[in-house]
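Descriptive structure summary
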Amino acid sequence: MAVSGAGAGAPPAAGAVLRISEVLGPITALGPGRRLGVWVQGCPLACAGCMSRHTWDPRGGRDVPVARLASVWQDALADGYDGLTVSGGEPLAQPAALGAFLVLADRVRHEAGRPDADLLVYTGWEDAEIAASPAREALRPADAVVTGRYRAGEPTSLVWRGSANQRLLPRTPLGRRRYGPYLERSAERPELQVRVTDEAVHVIGVPRPGELSALERDLAARGVTFRENTWRP
């Protein structure tokens, strides 16, 4: 699923523009069920070992009106998707646009008769940083948030988290119903998903130590090699 469409009816905040790296769907490695994934562009945190270095530069990616993203979300709901995952990059580096998008995404799911389709946001901000910043208001519509810097030296098997310090925080009744059973659950299968588009091979998910190198070797054995990748400097 690509960014397209004229945009849904929206409140004034929908005039906002979000700088994004990619929109893909369905994805199955970042939250429960079949989901729409939106990766924002720009990350000042630059965690060592991050697999998405291409999303760091705030000058990269492209500006997309949140109304257009909401239209893609509307189409995803019509296709039976189970949720929306916003990652990055660092979503809270664009709090106004992020908040506008989530407000509109919440409105769209209710208008579509899909209030069960959840909104999940990944942020590298720590809980205390979120609590101390006005940017926390951007997360108000989110049903669940994964918080904390990625720390390559603290691996974890916990589902949908990249390092042991990261926390999965349900924030709404829907979030508690959907994510509560996963708070202490380990991943039961590999959490990497490979999607091929005209521009690139996208590796989606939360890799365990050594998985990206193993994937690269496996692809090379099948005749697929990379001119460059996003998980090495």
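Calculation rules
Residues numbered from 1 in each chain as written. Predicted model: local features only at pLDDT ≥ 70, side-chain atom pairs only at ≥ 80, totals over all residues. Heavy atoms only, no water. Buried < 20%, exposed > 50% of the residue type's maximum accessible area, 1.4 Å probe, protein only. Helix = DSSP H or I, 4+ residues; strand = E, 2+ residues; numbered from the N terminus. Pairing = 2+ DSSP bridges. Right-handed = clockwise from strand over helix to strand, strands pointing away. Core = buried A, V, L, I, M, F, W, Y, C linked by side-chain atoms within 4.5 Å. Contact = heavy atoms within 4.5 Å. Polar contact = N/O pair within 3.5 Å; in protein donor to acceptor, adjacent residues only side chain to side chain. Axes fitted to C-alpha atoms, helices over the stretch in contact; angles between N-to-C directions.

Let us look at the pairing of strand S4 (residues 83-87). Regular strands have side chains that alternate between both faces of the sheet. With respect to burial, S4 is a largely interior element, 5 of its 5 residues being buried. Residues of S4 alternate between two faces, with Gly83, Thr85 and Ser87 on one and Leu84 and Val86 on the opposite face, all of them buried. Alignment of strand S2 (residues 35-40) against S4, held across 5 bridges, turns out to be parallel. Of the residues in S4, the one forming a bridge with Val38 is Val86. With 4 bridges connecting them, S4 and strand S5 (residues 118-122) associate as parallel partners. In the strand pairing of S5, Leu84 is matched with Leu119. A crossover connection joins S4 to the parallel S5 through helix H2 (residues 95-111); in handedness this β-α-β unit is right-handed.

Moving on, we come to the nonpolar core. Side chains of a nonpolar character, in soluble globular proteins, are inclined to be buried together. Formed by 37 residues in total, the largest nonpolar core has its most connected members in Leu18, Leu36, Trp73, Leu84, Val86, Leu92 and Phe101. If we skip the residues at most four places from it in the chain, Val86 touches Val38, Val40, Pro91, Leu98, Phe101, Leu102, Leu120, Val121 and Tyr122. Membership of the second largest hydrophobic core comes to 12 residues, among which are Ile27, Leu120, Ala144 and Leu168.

If you trace the backbone, Trp39 turns up in strand S2. Each C-alpha atom, one on Trp39 and one on Leu24, is 8.6 Å from the other, the two residues being 15 residues apart in sequence.

Moving on, we come to the side chain of Arg35. On the secondary structure map, Arg35 appears in strand S2. A distance of 3.3 Å separates a polar atom in the side chain of Arg35 from the backbone oxygen of Leu30. Looking at Arg35, its side chain comes within polar contact range of the main-chain oxygen of Leu84, at 3.0 Å.

Attention shifts here to the sheet that holds strand S6 (residues 144-147). Spatially, S3-S1-S2-S4-S5-S6-S7 is the arrangement adopted by the 7 strands of the open sheet, whose pairing is mixed. In this open sheet, the two edge strands, each paired with only one partner strand, are strand S3 (62-65) and strand S7 (167-170). Averaged over neighbouring strand pairs, the angle between their axes works out to 30 degrees when direction is ignored. Across the sheet, helix H1 (residues 66-78) lies against strand S1 (17-27), S2, S3, S4 and S5, angled at about 70 degrees from S3, the strand it touches most. Sitting on the sheet, H2 is in contact with S1, S2, S4 and S5, with an inclination near 160 degrees to S5.

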